[in-house]
Amino acid sequence: MRVLISGASIAGPVVAYWLARSGWDVTVVERAAALRKAGGHAVDLFRPAMEISERMGVLTRVQARATGATVLAVHRPWAPEPARIDYRKLIGVVSDRHVEIMRDDLSEIYYDASRDNAEYVFGDQITSIAHDGKVTFEHSRDRRFDVIVGADGLHSGVRRLVFGDDVPETFLGGYLAVVSVPKSLAREGEMSGYFEPRRVAMVYTADHLDDARAVFLFRPELPLDYDHRDGARQRDQLRSAFAGMGREVDRWLDEVDVTPAFYFDAITQLEMSTWSRGRVTLVGDAGYCPGPAVGGSTSLAVYGAYVLANELVCARGDHAAAFAAYERRMEQPVLHSRSLARVNAKTIVPGSQWGVRALIGVARAVSVLPPTLTRAVARLNDKGIRLYDSMLVPDYSSATNRRSTHPPAS
């Protein structure tokens, strides 16, 4: 079976790994000229994604690239000194098995795991997909595939080609920006954050990084006149949103016009009822983004990629049966992730002074209470903050072992 995957970030290489190890003929096409290795932000891998990484044999590399933040220094408008919160305890409430890692590092690790057995084509993109699997590209020759997977993110080109532009989505009221800043503006092992109603700004770095990353989350009273392709306008909107927050935040904003890496996007949730049509399916943010920075989308993408690939193997290349099984398996995780993201979008960036005080108060309580107590309370809510730890990773080992010795016929 010949499969084409669009996107070489997170979900794409994970799908490629599991299909290639079972004998599939896998091609990954990526619009960027090379693997992205500059910019990006830290993402969370919760228990399911950690287990899948372990099964892929890359967990040691993932752990070695952890950002290593242990302290969250919270600056509040009403206090002269920051509150220092045990970041490890805070994350421990959410997950018993967790790593925070730079998105580009994770992408490189998954790419390295799959590249020896899959074909990667950089600097190209899909321009059309026919019902019989014929695919045209911007630069490469036309080719025919049995299965096409869109793993190309929230603004997926594959989704647009197959499902059109009228895809149901919900704006969760906020925006996320990430700016590369000089490493001297952050302290290793510490995440420094400024919290005010409707806006949060943070900076952090890691031992292996040459820079630091400033992250901005904000919820304006009204939606912005926003275009995800207009970088100059986005920079102006970011500066306007965080004007007057403080001297340190102003120093981060000074880097906006000279930064080598800038990211800005609306926190938008996709609400598609199906991710498959004909020979094509979507995985990760391309199909079911719960919302950047608020819904655990990276762990959900890894989980979905693992399920999709293994359902294809189990179905012996019957893509219709595999897609149906994939969507059944992913329905509840996706629905629960959407619900969690809608709550987090307001909780992480409170809309009032009272909300800011409450958020910081809870974080400080977690920091001083015994971890056994806070985790026990959190486990009572397995569809809320403990959602990802409650997801069970299916064991496809018997099916994939059978298929690895008998590759699917083309």
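Look up: the structure comes first, before these words.
Summary of the structure given here. (Residues numbered from 1 in each chain as written. Predicted model: local features only at pLDDT ≥ 70, side-chain atom pairs only at ≥ 80, totals over all residues. Heavy atoms only, no water.)

This next bit is on the overall build of the chain. When helices and strands are counted, the chain shows 14 helices and 18 strands. Since a compact globule built from 410 residues should have a radius of gyration of about 22 Å, the 21 Å found for the chain is in line with a globular shape. Relative to its full complement of 410 residues, the chain shows a buried share of 54%. In the chain, once contacts between residues fewer than 6 apart in sequence are set aside, the share between residues at least 24 apart is 74%. Surface summary for the chain: the accessible area is close to 17700 Å², and the carbon and sulfur share equals 48%. Averaged over its 50 positive side-chain charges, the chain has a centre that lies 4 Å from the centre of its 50 negative ones. (Helix = DSSP H or I, 4+ residues; strand = E, 2+ residues; numbered from the N terminus. Rg over C-alpha atoms; globule rule 2.2 N^0.38 Å. Buried < 20%, exposed > 50% of the residue type's maximum accessible area, 1.4 Å probe, protein only. Contact = heavy atoms within 4.5 Å. Areas by Shrake-Rupley, 256 points an atom, 1.4 Å probe, with all protein chains shown as cover. Lys, Arg positive; Asp, Glu negative; His and termini not counted. Charge placed at Lys NZ, Arg CZ, Asp CG, Glu CD.)

Take the packing of helix α1 (residues 11-20) against helix α5 (residues 103-114) next. At a minimum axis distance of 8 Å, the contact between α1 and α5 shows a crossing angle of 20°. The angle between the axes of α1 and α5 places the two elements in the roughly parallel class. Between α1 and α5 lies a crossing of left-handed hand. Residue-level contacts link P13, V14, A16 and Y17 of α1 to Y110, Y111, A113 and S114 of α5. Each residue belonging to the contact of α1 with α5 can be placed in one class, and the counts come to seven nonpolar, one polar and no charged. (Axes fitted to C-alpha atoms, helices over the stretch in contact; angles between N-to-C directions. Parallel < 35°, antiparallel > 145°, perpendicular 65-115°, else oblique. Left-handed = near helix turned anticlockwise from the far one by under 90°. Nonpolar A, V, L, I, M, F, W, Y, C, P; charged D, E, K, R; others polar.)

A few words on the nonpolar core. Ranked by size, the top nonpolar core spans 81 residues in total, and within it V26 and V283 carry the most contacts. Looking at which element gives the most residues to this core, the answer is helix α10 (residues 297-314), with eleven residues. For V283, the contacting residues outside a window of four places in its chain are A11, V15, V149, G150, A151, Y288, A301, G304, A305, L308 and Y326. Core analysis: the next-biggest nonpolar cluster, separate from the first, contains 29 residues, L176, I267, V349 and V356 among them. (Core = buried A, V, L, I, M, F, W, Y, C linked by side-chain atoms within 4.5 Å.)

So, on to the environment of R76. Checked against the element boundaries, R76 lands in the loop between β4 (71-75) and β5 (83-86). Owing to a relative accessible area of 13%, R76 belongs among the buried residues under this scheme. Excluding residues that lie within four positions of it along the chain, R76 makes contacts with E81, P82, A83, I360 and R364. Reaching out from R76, the side chain makes a polar contact with the backbone oxygen of E81 at a distance of 2.7 Å. (Polar contact = N/O pair within 3.5 Å; in protein donor to acceptor, adjacent residues only side chain to side chain.)

Here we come to the packing of aromatic side chains. All told, the structure shown has 20 aromatic pairs when counted by the stated rule. These aromatic residues form a ring-pair network of at least three members: F171, Y175, Y194, F216, F218, Y226, F242, W252, F262 and F264. Over the ring of F262 we find R235, and its NZ or CZ is 4.2 Å from the ring centre. The side chain of R357 reaches across the aromatic face of W78, ending 4.0 Å from its centre. (Phe/Tyr/Trp six-rings, centres within 6.5 Å; stacked < 30°, edge-to-face > 60°. Lys NZ or Arg CZ within 6 Å of the ring centre and 35° of its normal.)

Before going further, it helps to examine the pattern of salt bridges. Across all of its chains, the model carries 20 salt bridges by this definition. Between E51 and R47 there is a salt bridge, with its nearest N and O atoms 3.9 Å apart. Within this pair, E51 and its partner R47 are both found in helix α2 (residues 47-55), separated by four residues, close to a single helical turn. Two residues, R213 and D211, come together in a salt bridge whose shortest N-O distance is 3.0 Å. Judged by its relative accessible area of 6%, R213 falls in the buried class. It is possible to trace a salt-bridge network through shared partners that takes in R47, E51 and D389. (Salt bridge = Lys/Arg side-chain N within 4 Å of Asp/Glu carboxyl O.)

Here we come to α2. Every α-helix winds through 3.6 residues per turn, so residues three or four apart in the chain are directed the same way. Listed as buried for α2 are P48, A49, M50, I52 and S53. Summarising the contacts, the buried residues of α2 are in contact with α1, β3 (42-45), α3 (59-64), β6 (99-102), α5 and α10. Where α2 terminates, the next one or two residues include G57, which has phi positive at roughly 80°.

This brings us to the sheet that holds strand β9 (residues 134-137). The strand order across the open sheet formed by three strands is β8-β9-β10, and the pairing between neighbours is antiparallel. Every other strand in the sheet has two partners, leaving β8 (126-129) and β10 (143-144) as the edge strands with one partner each. In terms of strand pairing, β8 meets β9 through three bridges, oriented antiparallel. Bridging across to β9, S128 finds its partner in T136. (Pairing = 2+ DSSP bridges.)

Taken in spatial order, the seven strands line up as β5-β4-β13-β14-β15-β12-β16 in an open sheet, and their pairing is mixed. Strands at the two margins of the open sheet, each flanked by one partner only, are β5 and β16 (262-270). Ignoring which end each strand starts from, the neighbouring axes of this sheet average 20° apart. Two strands pair when backbone bridges link them, and β4 and strand β13 (residues 190-196) are joined in this way by five bridges, in the parallel orientation. Its bridge partner lying in β13, V71 is registered against E190. Sheet contacts for helix α7 (residues 231-241): β12 (169-182), β14 (199-204), β15 (211-218) and β16; angle to β16, the most-contacted strand, approximately 85°.

What follows concerns the packing of α1 against α10. Two elements in contact, α1 and α10, have axes separated by 8 Å at closest approach and are oriented at 30°. Here α1 is positioned roughly parallel relative to α10, judged by the angle of their axes. In the crossing of α1 with α10, the sense of the turn from one axis to the other is right-handed. Between α1 and α10, the residues in contact are A11, V14, V15, W18 and L19 and A301, V302, A305, Y306, L308, A309, N310, L312 and V313, respectively. Looking at the contact of α1 with α10, its residues break down into 13 nonpolar, one polar and no charged.

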